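An overview of the molecular structure
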Amino acid sequence: MADSSSHVPALGTLLTAMVTPFTKDGAVDYDQAQALASKLVDDGCDGLVVTGTTGETSTLTDEENLGMFRAVKDAVGDRAAIIAGTGTNDTAHSVHLSQEAAAIGVDGLLLVTPYYNKPSQAGVRAHFETIASAVDVPVMLYDIPGRSSIAIEPDTMIRLAQHANIVAVKDAKADFLAASRVMAETDLAFYSGDDGLTLPWMSLGAVGLVGVTTHVATRRFRALIDAVNANDLDTARKIHAELLPIIRATMTRVQGAVAAKQILNWQGVLPNSIVRLPLVEPDEAEIETIRGDLAEAGLVFS
């Protein structure tokens, strides 16, 4: 089983990619964000990703992104690592957001592969290196070709690992062979970017999870990660199986932020399930499917 990485104290092992709560009129609800952040840490998260994909970063203004970084940092303090989602497909814009986030005092940055532009691997490397060189905080690369249309190839990742500030990877492409090579040849700390693959990822040497379902089953994911780190595979498998219908409800029926907000609303954690266009709230058929998944896990809401 995976041993702990030297980067774990800085970035944590159980990170939730936080939703961004909104008020009824569609404004960012910083008070609710702070309450949610505090609850997640109380329940076992030692890291929070703020305004990543699940935080609807693509429909937030720069001011709103920075406001979320400040709010969550103020709420959590040093109890958990705050990782700011500052990556965009515009390198100069990403540098600006990253420098502003660093000035706020975040503990790290999440930089997604530049989407839409479809750069070469040389362009991908230059993008990440330019941003990482503009700040003095740890950087986690976010490899998610399903959204960005391109992957970070192993050779590119191995070269990026030579940069002092690039220390971790959130992997959402599940290429275990490629990742195994990178882990063998670098000191990069790998994080599962797929909630349901946390156990197999950690068996290969990943240090933890950056998850969405962790909003609604935080303590169970904490127990899963702790079991793996204690080499208790039987317990880890049992928890993994128990989590499957909750993961299905959160990650496969509608977009993750949409499902997470809906379930958090049912749990009484958020006062509403509002998302910003082009996202929309689940329709009645989708709601019934999500409810069915949750009921399979023993979670029933009125």
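Small disclaimer: the values here were computed from a predicted structure and weren't measured.

**What to know about the overall build of the chain**
If you tally the helices and strands in the chain, you get 13 helices and 8 strands. Expected size for 302 residues packed as a compact globule is a radius of gyration near 19 Å; at 18 Å, the chain falls within 12% of this value. Judged by the C-alpha coordinates and their principal axes, the chain covers about 50 × 45 × 35 Å. For the chain, buried positions account for 55% of its 302 residues. Within the chain, counting contacts between residues at least 6 apart in sequence, those at least 24 apart form 69% of the total.

**Some thoughts on the UniProt feature "site: Part of a proton relay during catalysis" (unreviewed entry) in the chain**
Sites flagged by UniProt as "site: Part of a proton relay during catalysis" (unreviewed entry) map to Thr53 and Tyr116. The topology assignment puts Thr53 in the loop between β2 (47–50) and α3 (62–76). Beyond its immediate stretch of four places on either side in the chain, Thr53 contacts Tyr142, Arg147 and Gln255. Its relative accessible area of 73% is what places Tyr116 among the exposed residues. If we skip the residues at most four places from it in the chain, Tyr116 touches Asn89 and Ser148.

**With respect to the environment of Gln262**
Relative to the helices and strands, Gln262 is located in helix α12 (residues 256–266). A relative accessible area of 6% means that Gln262 is categorised as buried. Taking the C-alpha atoms as reference points, Gln262 and Leu277, 15 residues apart in sequence, are found 16 Å from one another. Sequence-distant contacts of Gln262, that is, excluding residues within four places in its chain, are made with Ser273, Pro282 and Ile287.

**A few points about the sheet that holds strand β6 (residues 166–171)**
A barrel is described by the order of its strands in space; here 8 strands give the closed sequence β1-β2-β3-β4-β5-β6-β7-β8, paired in parallel fashion. Across the sheet, the mean angle from the axis of one strand to that of its neighbour is 25°, orientation sign disregarded. The pairing of strand β1 (residues 14–17) with β2 spans 3 bridges and is classified as parallel. Across the sheet, residue Thr16 finds its bridge partner in β2, namely Leu48.

**With respect to the side chain of Thr54**
With respect to the helices and strands, Thr54 occurs in the loop between β2 and α3. For Thr54, a relative accessible area of 9% puts it in the buried group. Sequence-distant contacts of Thr54, that is, excluding residues within four places in its chain, are made with Ala17, Met18, Val19, Thr20, Val212, His215 and Ala257.

**A short note on the nonpolar core**
The biggest cluster of nonpolar side chains holds 81 residues, and the ones touching the most others in it are Leu48, Val72, Leu109, Leu141 and Phe190. Not counting the four nearest positions on each side in its chain, Leu141 is found in contact with Leu110, Leu111, Phe128, Ile152, Met157, Leu160, Ile166, Ala168, Val169 and Lys170. Met140, Ile144, Ala168 and Val207 belong to the second-largest nonpolar core, a separate cluster that totals 18 residues.

**Concerning the UniProt feature "active site" (unreviewed entry) in the chain**
On the UniProt side, "active site" (unreviewed entry) is annotated at positions that read Tyr142 and Lys170 here. Despite a sequence span of 29 residues, these residues sit close together in the fold, their greatest C-alpha distance being 4.8 Å. With respect to the helices, strands and loops of the structure, Tyr142 is situated in strand β5 (residues 139–143). Ignoring any residue separated from it by four or fewer positions in sequence, one finds Tyr142 in contact with Thr53, Leu110, Leu111, Val112, Thr113, Ile152, Lys170 and Ala172. By the element assignment, Lys170 lies in strand β6. Using a relative accessible area of 6% as the deciding quantity, one classes Lys170 as buried.

**Things to note about the packing of α3 against helix α4 (residues 91–104)**
How two helices pack is summed up by the angle between their axes together with the distance between the axes. Between α3 and α4, the shortest axis-to-axis distance is 10 Å and the interhelical angle comes to 30°. Of the possible angle classes, the one that applies to α3 and α4 is roughly parallel. Seen from above, α3 lies across α4 with right-handed handedness. Along its contact with α3, which presents Asp62, Leu66, Phe69 and Arg70, the element α4 presents His93, His96, Leu97, Glu100, Ala101 and Ile104. For the contact of α3 with α4, the per-class residue count stands at 5 nonpolar, 2 polar and 3 charged.

What counts, and at which threshold
- Residues numbered from 1 in each chain as written.
- Predicted model: local features only at pLDDT ≥ 70, side-chain atom pairs only at ≥ 80, totals over all residues.
- Heavy atoms only, no water.
- Helix = DSSP H or I, 4+ residues; strand = E, 2+ residues; numbered from the N terminus.
- Rg over C-alpha atoms; globule rule 2.2 N^0.38 Å.
- Buried < 20%, exposed > 50% of the residue type's maximum accessible area, 1.4 Å probe, protein only.
- Contact = heavy atoms within 4.5 Å.
- UniProt positions renumbered as here; feature names shortened; annotations may be inferred.
- Pairing = 2+ DSSP bridges.
- Axes fitted to C-alpha atoms, helices over the stretch in contact; angles between N-to-C directions.
- Core = buried A, V, L, I, M, F, W, Y, C linked by side-chain atoms within 4.5 Å.
- Parallel < 35°, antiparallel > 145°, perpendicular 65-115°, else oblique.
- Left-handed = near helix turned anticlockwise from the far one by under 90°.
- Nonpolar A, V, L, I, M, F, W, Y, C, P; charged D, E, K, R; others polar.

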